[in-house]
Amino acid sequence: MFLFRNFELFISETFYVLVIPFIFWCINKSMGKRLLILLLLTSYINILINSFFSGDKVYMAIMTITVFWGYLGYLSKKNINKITILILIAAICIGSNIFNNYSVAGILLSVVISVIIITLFVIFDPKIENKYNNEFTILQKIFLVVFASITSLVVVIFLRLESYSETSAIIGGFTGGILGIILEKEFSNYSVDGILIHRILRYLIGITIMAILFQALYYLVE
């Protein structure tokens, strides 16, 4: 019952803003980067689908949960972890139907699309990653990220999508996040190994700096 009524914790923006940097800074940089790309790609696809197709709504909340936890389940080598994640996703889907009035068809459609996204990502990511890392210079990588971001934004403007501000935020998150990862690898390339308390402190310092910068930018815009 607690999980059903509080599943918003697992789909809130704050949750992923905190968890993905923790994974990147403290556990595995490659995993953190891939989860960031997957979630932003999923959000973008969700907006496009709901803008083009009528009928049962494809729920971003369900897609976010399925993609994030589903990909972690795929990476895990322990069956108990895979089973636990499946139970978690199923429980949240049921709770969203009972307490949030999500349609069954919409939930199933969201899960199916999410599974397709994970499958395609798993198939093509290694090929793209290998070419991207071995054949492109840092300037070419930056150009590709900026080009992809501008192209995505042009699509939004050209199609006159209603969720313009939300989509722009997703594209901005992709641009800033991936450029930051590229520059970190090129000029810092720190290791996530070391004493756990040191990794946690590094994470807390990073999150604090991010929060200060965010608040500063917020007040400047206001």
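Residues numbered from 1 in each chain as written. Predicted model: local features only at pLDDT ≥ 70, side-chain atom pairs only at ≥ 80, totals over all residues. Heavy atoms only, no water.

**Regarding the overall build of the protein**
1) Next: Helix and strand content of the protein: 9 helices and 0 strands.
2) Next: Ordered by position from N to C terminus, the α and β elements of the protein give α-α-α-α-α-α-α-α-α.
3) Next: For the protein, the C-alpha radius of gyration of 18 Å lies close to 17 Å, the compact-globule estimate for 222 residues.
4) Next: Seen along its three principal axes, the alpha-carbon backbone of the protein occupies a region of about 50 × 45 × 40 Å.
5) Next: A sequence separation of at least 24 residues applies to 71% of the contacts in the protein between residues at least 6 apart.
6) Next: Counting every atom, the protein has about 13,600 Å² of accessible surface; 71% of that belongs to carbon and sulfur. (Helix = DSSP H or I, 4+ residues; strand = E, 2+ residues; numbered from the N terminus. Rg over C-alpha atoms; globule rule 2.2 N^0.38 Å. Contact = heavy atoms within 4.5 Å. Areas by Shrake-Rupley, 256 points an atom, 1.4 Å probe, with all protein chains shown as cover.)

**Quick notes on a nonpolar patch on the surface**
1) Next: Taken together, the side chains of F52, F53, V146, I150, V154, V155, F158 and L159 define a hydrophobic patch exposed on the protein surface, amounting to about 780 Å² of accessible area.
2) Next: Sort the elements by how many residues they give to the nonpolar patch and helix α7 (residues 138–159) lands first, with 6 residues.
3) Next: Locating F52 in the fold gives a position in helix α3 (residues 29–52). (Patch = residues over 30% accessible without salt bridge, like charges linked within 9 Å, V, L, I, M, F, W, Y side chains within 5 Å. Salt bridge = Lys/Arg side-chain N within 4 Å of Asp/Glu carboxyl O.)

**Here we look at the nonpolar core**
1) Next: Counting 52 residues, the largest nonpolar core has Y16, W25, F68 and W69 as the members making the most contacts within it.
2) Next: Looking at this core, the elements that each hand over two or more residues are α2 (13–27), α3, α4 (60–75), α5 (79–99), α6 (104–135), α7, α8 (164–187) and α9 (196–221). (Core = buried A, V, L, I, M, F, W, Y, C linked by side-chain atoms within 4.5 Å. Buried < 20%, exposed > 50% of the residue type's maximum accessible area, 1.4 Å probe, protein only.)

**With respect to the packing of α3 against α4**
1) Next: One way to put it is that α3 packs onto α4 with a least axis distance of 10 Å and a crossing angle of 150°. By the angle between their directions, the pair α3 and α4 is classed as roughly antiparallel. For the crossing formed where α3 meets α4, the hand is right-handed. Across the interface between the two elements, M31, R34, L35, L38, L39, T42, S43, N46 and I47 from α3 touch M60, M63, T64, V67, F68, Y71, L72 and L75 from α4.
2) Next: The residue inventory of the contact of α3 with α4, partitioned by class, reads 12 nonpolar, 4 polar and 1 charged. (Axes fitted to C-alpha atoms, helices over the stretch in contact; angles between N-to-C directions. Parallel < 35°, antiparallel > 145°, perpendicular 65-115°, else oblique. Left-handed = near helix turned anticlockwise from the far one by under 90°. Nonpolar A, V, L, I, M, F, W, Y, C, P; charged D, E, K, R; others polar.)

**Concerning the pattern of salt bridges**
Once their charged atoms are close, side chains differing in charge can pair, the charge on each being opposite to the other.
1) Next: Enumeration over the complete set of coordinates arrives at 4 salt bridges.
2) Next: One salt bridge in this structure joins D125 and R34, with 2.6 Å as the shortest N-O distance. Here D125 is found in helix α6, whereas its partner R34 is found in helix α3, with 91 residues between them in sequence. Neither D125 nor R34 differs from the other in exposure class; each is buried.
3) Next: In this structure, the salt-bridge partner of K131 is E135, at a minimum N-O distance of 2.8 Å. Residue K131 and its partner E135 are both found in helix α6; the two are separated by 4 residues, about one turn of the helix.
4) Next: By relative accessible area, K131 is classed as partly exposed at 42%.

**Concerning the confidence of the model for the protein**
1) Next: Looking at the protein, pLDDT values average 84 and 91% of them are 70 or higher.
2) Next: Mean pLDDT per element in the protein: helix α1 (residues 2–5) is the minimum at 51, and α4 is the maximum at 92. (pLDDT = per-residue confidence, 0-100.)

**Observations concerning the packing of α2 against α4**
1) Next: Where α2 meets α4, the closest approach of the two axes is 14 Å, and the angle between their N-to-C directions is 15°. As judged from the angle between their axes, α2 and α4 are roughly parallel. Considering only the axes of α2 and α4, their crossing is left-handed. For the pair α2 and α4, the contacting residues are F15, Y16, V19, I20 and I23 in the first and T64, I65, F68 and W69 in the second.
2) Next: Partitioning the contact of α2 with α4 into residue classes produces 8 nonpolar, 1 polar and no charged.

**Here we look at the packing of aromatic side chains**
1) Next: Evaluation of the coordinates by the stated rule reveals 11 aromatic pairs.
2) Next: Between the aromatic rings of F22 and Y203, the centroid separation amounts to 5.1 Å while the plane-to-plane angle is 85°, which identifies the pairing as edge-to-face. Here Y203 lies in helix α9 and F22 lies in helix α2, a separation of 181 residues in the sequence.
3) Next: Residue F22 is classed as partly exposed on the basis of its relative accessible area of 28%.
4) Next: Take Y203: its relative accessible area is 11%, and that puts it in the buried class. (Phe/Tyr/Trp six-rings, centres within 6.5 Å; stacked < 30°, edge-to-face > 60°.)

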